[in-house]
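Residues per chain are reported as follows:
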Amino acid sequence: MVEKPRAATAQSQADPPPEHGGALYCISYVSTQTQHMDNDELLALLEIAREKNQSLGITGILLHREDSFFQILEGGEDEVCELYETIAADPRHDRIEIVTEGP
């Protein structure tokens, strides 16, 4: 029998439960970058974001096209809101706009 692949967001039984109690809060936003970033810089940014988000119990997606970013952040409300505020204050972003926000 072939085992079905696990969804990327499925939590392993060995993983501790999220500190936010399982209730997800989500913010999605778009922004324009203020300076050119080559592929190496974008990959470095992605790796840093992955590590930080994992340490905060935050999941989501980060997309980049031309000079624009689209990101979805999901996790505990306090953690997501604090991370968004940090991102919004980052000088590499301009014209940052929340697309959706809520549980």
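Per chain, residue numbering runs from 1 following the sequence as it is written. Per-residue local features are limited, in this predicted model, to residues with pLDDT of at least 70; the limit for side-chain atom pairs, both in listing and counting, is 80 or more; totals at the level of whole chains, interfaces and linings are taken over all residues. Only hydrogens and water are set aside when side-chain values are computed; all heavy atoms of the structure are taken into account.

Peer 1: I'd like a description of a negative patch on the surface, backed by residues and values.
Peer 2: The patch calculation keeps residues exceeding 30% relative accessible area without a salt bridge and links them within 9 Å when they carry like charges or within 5 Å when they are nonpolar (Val, Leu, Ile, Met, Phe, Trp, Tyr). Computed by Shrake-Rupley with a 1.4 Å probe, the accessible areas treat only the displayed protein chains as cover when residues are assessed. For this analysis, a salt bridge means a side-chain nitrogen from Lys or Arg found within 4 Å of a carboxyl oxygen belonging to Asp or Glu. Counted charges follow a simple rule, with Lys and Arg positive, Asp and Glu negative, and His plus the chain ends left uncounted. The atoms used to mark charge sites are NZ of Lys, CZ of Arg, CG of Asp and CD of Glu. Residues Glu-77, Asp-78, Glu-82, Glu-85 and Glu-101 make up a contiguous surface patch of negative charge. Each helix corresponds to a stretch of at least 4 residues labelled H or I by DSSP, and each strand to a stretch of at least 2 residues labelled E; elements are numbered beginning at the N terminus. Here the negative patch gets four residues from one element, more than from any other, and that element is helix H2 (residues 77-89). Assignment of secondary structure puts Glu-101 in strand S4 (residues 93-102). For Glu-101, a relative accessible area of 45% translates into the label partly exposed. Per-residue accessibility, obtained with a 1.4 Å probe over protein chains only, is compared with the maximum for each type, and a residue is labelled buried under 20%, exposed over 50%, and partly exposed between these values.

Peer 1: Please provide a residue-by-residue account of the sheet that holds strand S2 (residues 59-65), values included.
Peer 2: Strand order in the open sheet formed by four strands is S2-S3-S1-S4, with antiparallel pairing between adjacent strands. Two strands in the sheet have a free side with no partner beyond their single neighbour: S2 and S4. Sheet twist, expressed as the average angle between the axes of neighbouring strands with direction ignored, equals 15°. Strand direction decides the pairing type here: S2 and strand S3 (residues 68-75), joined by seven bridges, are antiparallel. Bridge pairing links Arg-65 to Ser-68 in S3. Two strands are counted as paired when DSSP detects at least two bridges linking them. With axes taken as lines fitted to C-alpha atoms, and helix axes fitted only over the stretch in contact, angles between N-to-C directions fall between 0 and 180 degrees.

Peer 1: Describe the layout of surface pockets, listing the residues and the values that go with them.
Peer 2: Grid spacing is 1 Å over the protein atoms alone, the probe is 1.4 Å, and a cavity is where that probe fits but cannot get out, while a pocket is an open set with protein on both sides within 12 Å along at least five of seven lines and lining residues have an atom within 4 Å of a point. Grid points are joined across faces, edges and corners, and a volume is the space filled by probe spheres set on the points. Of the pockets and cavities examined, the second largest pocket occupies roughly 310 Å³. What lines the second largest pocket is a set of 17 residues, and nearest its centre among them are Leu-45, Ala-49, Ile-87, Asp-90 and Arg-92. Those elements that place two or more of their residues in the lining of the second largest pocket are helix H1 (39-56), S3 and H2. Under the scheme applied, nonpolar residues are Ala, Val, Leu, Ile, Met, Phe, Trp, Tyr, Cys and Pro; charged residues are Asp, Glu, Lys and Arg; polar residues are all the others, including Gly. Its residues placed into classes, the lining of the second largest pocket shows ten nonpolar, four polar and three charged.

Peer 1: Please set out the nonpolar core residue by residue, giving values where relevant.
Peer 2: Counting nine residues, the largest nonpolar core consists of Tyr-25, Ile-27, Tyr-29, Ile-58, Leu-73, Val-80, Leu-83, Tyr-84 and Ile-87. Mapped by element, the contributors of at least two residues to this core are strand S1 (25-33) and H2. It is H2 that provides the largest number of residues to this core, a total of four residues. The criterion used for residue contact is that any of the two residues' heavy atoms lie within 4.5 Å. With sequence-adjacent residues up to four places away left out, Ile-87 is seen in contact with Tyr-29, Gln-71, Leu-73, His-93 and Ile-96. Put simply, buried Ala, Val, Leu, Ile, Met, Phe, Trp, Tyr and Cys residues joined by side-chain atoms within 4.5 Å make one nonpolar core.

Peer 1: For unusual backbone geometry, give the residues involved together with the corresponding values.
Peer 2: Leave glycine aside and you will find that most residues have negative phi; peptide bonds, for their part, are mostly trans. One non-glycine residue, Glu-66, adopts positive backbone phi at about 50°. Looking at where Glu-66 falls in the secondary structure, it is placed in the loop between S2 and S3. In this structure Glu-66 comes out as exposed when scored by relative accessible area, which is 66%. At Arg-95, a residue that is not glycine, the phi angle is positive and equals roughly 50°.

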